[in-house]
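Read off the chains here:
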Amino acid sequence: MASEVDEKGRQAESSDTEERSEKKSASTAGSDDAGTGGATMEEVGGDSNAGVSEVSEEISSLAVSEKGPDDDVDKPEITLRADKLNEEVEAAEPSQIKTIAAEDTPYTSAQTFEELNISENLLRGIYSEMKFERPSKIQGITLPMILSPPYHHLIAQAHNGSGKTTCFVLGMLSRVDPNLKAPQAICICPTRELAIQNEEVLLKMGKYTGITSTCAISEFGKQTSSRRGPVVDQIIIGTPGTIKRWITSKILNLRHIKILVFDEADHMLAQDGFQDDSTRIIRYIVKDNGGCQVLFFSATFDDTVKNFTVKIAPKANQVFVKKEELSLDVIKQYRVKCPREADKVAVLKDRIFPAAEKLGQSIIFVRTRASASNLHRRLDEDGYKCTSIQGGLSNEERDRVIREFRCGQTRILIATDVLARGFDQAQVTLVVNYDLPIKNSFPNDPDYELYLHRIGRSGRFGRKGAAFNFLVTGTDEDNMNKISSYFNREIPEVPWDDDDAFEKVLKEAGLA
DNA sequence: AAAAAAG
């Protein structure tokens with residue numbers, strides 16, 4: 001079921017058009033699943049007082065000041081129009097999503113794009129370019145929240161590959177005034193690859209709107225901020241550093257910004273992520289025009305960052321998924337115990353590569369830049385065809401590696417966590433955690449969020465996928481077990497030296 | 001003992 005739903009929500013390239021349009025994506029209400037009702041509603045909000053820094057308090061008081069005269073209502077009680085809402089959409093996706101509407105604003109989930117009151121030109125892009133028929137579950141819930149006055153902030157969590165990009169791209173395109181030739185929307189992403197990808201979706205969906213956009217990422221050899229003229233494009237999608245530089249060097253005017261989007265929001269607001277940059281940009285906007293609607297989108301929000309987000313956007317609409325529900329069943333997960341570190345390469349060569357050749361494309365995640373290039377070099381020397389990407393490469397090099405992978409010229413890509421989040425390539429069926437993701441601050445704990453994002457690079461839009469986790473040490477095993485129980489998923493072992501076992505497991509995953 | 005952005 002999940003697959004049909006996801007088909008609707010996809011932001012994929014044209015390469016998969018055939019499949020997408022023939023799927024019965026029109027049946028959002030998927031009556032067969034109606035029995036799954038009774039979504040568990042967890043308590044939300046209220047408890048968001050964990051240790052939050054003073055900075056955030058400051059932001060909070062600033063960020064609330066929504067532009068416009070609608071600052072009247074201040075009722076503490078939260079109207080759970082949400083449960084009605086859940087029943088309506090529950091049928092579409094089996095997962096449990098809990099929704100908290102800001103104040104007493106009632107929202108009805110959208111069953112069609114027409115009822116969202118978006119422009120004809122935008123509808124045309126949605127149908128003829130994106131080939132969407134109806135909103136996916138997450139789209140149906142969040143789009144009315146994004147598009148209805150008084151334009152509350154939104155904190156939204158949704159599964160990998162469920163159509164988050166569409167939500168905020170459509171949101172930006174719809175809220176921008178096509179006749180005002182000035183920056184009106186900003187989207188901030190953690191990597192330049194993601195910024196580029198998101199702008200591609202935006203260009204496609206907004207093809208007939210006449211709305212213009214620009215990508216604010218560092219471009220080697222291109223004009224520096226000082227030599228660049230003022231930004232006249234209406235939507236800016238980029239990475240924190242460049243956006244900040246454009247703002248401080250006055251080439252990006254914030255006066256007409258009405259919507260700000262954080263993609264991979266948990267990372268953008270994490271203390272060891274981009275929290276400082278993100279809060280600074282919010283402050284700039286507040287200072288220049290009194291603030292704007294802010295959207296926070298991610299597949300994951302750990303408790304700390306969730307509390308922080310609620311803190312800086314106190315009156316936001318909230319949409320959350322239980323963590324046990326996040327790990328997609330379409331992605332089969334396995335552990336591979338390797339006797340020694342050196343055996344990892346052997347498993348790659350003997351089991352993964354042969355399979356990968358037949359099964360689409362693969363991404364192999366390693367922990368450091370150095371191990372990415374080392375592994376790449378070793379395999380290269382032995383005649384295995386693969387490429388690697390990490391933040392130490394030049395921008396041109398990165399662009400080239402991505403381009404080659406996008407067009408299928410390369411099938412196996414070694415990567416650091418630069419590609420862990422958001423990277424959307426429908427043909428990726430295999431993900432290998434050559435090194436498990438671990439928390440930098442607590443090396444004995446796995447990074448659950450990163451794990452989920454990594455394996456989410458496969459199984460896009462309900463396709464099949466498999467993830468192999470390489471384990472060597474006792475710590476590896478401990479971490480694997482923690483991940484397994486955190487998401488409440490069995491992660492069975494595949495013997496590292498058994499061809500048949502791998503064969504069998506790939507069949508089981510629906511790949512072989 | 002990390003990676004990401006960017007200077």
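Residues numbered from 1 in each chain as written. Chains lettered and ligands numbered in written order. Predicted model: local features only at pLDDT ≥ 70, side-chain atom pairs only at ≥ 80, totals over all residues. Heavy atoms only, no water.

Visitor: Can you break down the protein's contact with DNA strand B residue by residue, with the values?
Guide: In the region of DNA strand B, 22 residues are neighbours, and Thr242, Arg245, Arg369, Gly391 and Asn440 sit closest. Among atoms of DNA strand B positioned within 4 Å of the protein, sugar and phosphate together represent 69%. Asp272 places a side-chain nitrogen or oxygen 3.0 Å from a base nitrogen of DNA strand B. A distance of 2.8 Å is found between a phosphate oxygen of DNA strand B and a side-chain nitrogen or oxygen belonging to Arg398. Per element, the largest residue contribution to the surface near DNA strand B is three residues, and it comes from helix α9 (residues 240-248). (Near = heavy atom within 4 Å. Polar contact = N/O pair within 3.5 Å; in protein donor to acceptor, adjacent residues only side chain to side chain. Helix = DSSP H or I, 4+ residues; strand = E, 2+ residues; numbered from the N terminus.)

Visitor: Explain the sheet that holds strand β5 (residues 235-238) to me, using residue names and the numbers behind them.
Guide: Reading across the sheet, the eight strands line up as β1-β8-β2-β7-β6-β3-β5-β4 and stay open at both edges, with mixed pairing between neighbours. Of all the strands in the sheet, the pair left with one neighbour each is β1 (97-100) and β4 (213-216). Neighbouring strand axes in the sheet, compared pairwise and without regard to direction, differ in orientation by 15° on average. For strand β3 (residues 185-188) and strand β6 (residues 259-263), the ladder comprises four bridges, and the chain directions are parallel. (Pairing = 2+ DSSP bridges. Axes fitted to C-alpha atoms, helices over the stretch in contact; angles between N-to-C directions.)

Visitor: I'd like a rundown of unusual backbone geometry, residues and numbers included.
Guide: In the segment running from Pro149 into Pro150, the intervening peptide bond is cis, with an omega of 5°. With respect to the secondary-structure elements, Pro150 resides in the loop between α6 (137-147) and β2 (154-157). The phi dihedral of Glu264 is positive, around 50°, even though this residue is not glycine. Position of Glu264 among the secondary structure elements: in the loop between β6 and α10 (265-268). Positive phi, close to 55°, is recorded for Asn488, a residue that is not glycine. Residue placement: Asn488 occurs in the loop between α17 (474-486) and α18 (499-508). Accessibility expressed as a relative area gives 56% for Asn488, which makes it exposed. (Buried < 20%, exposed > 50% of the residue type's maximum accessible area, 1.4 Å probe, protein only.)

Geometry only, nothing functional implied.
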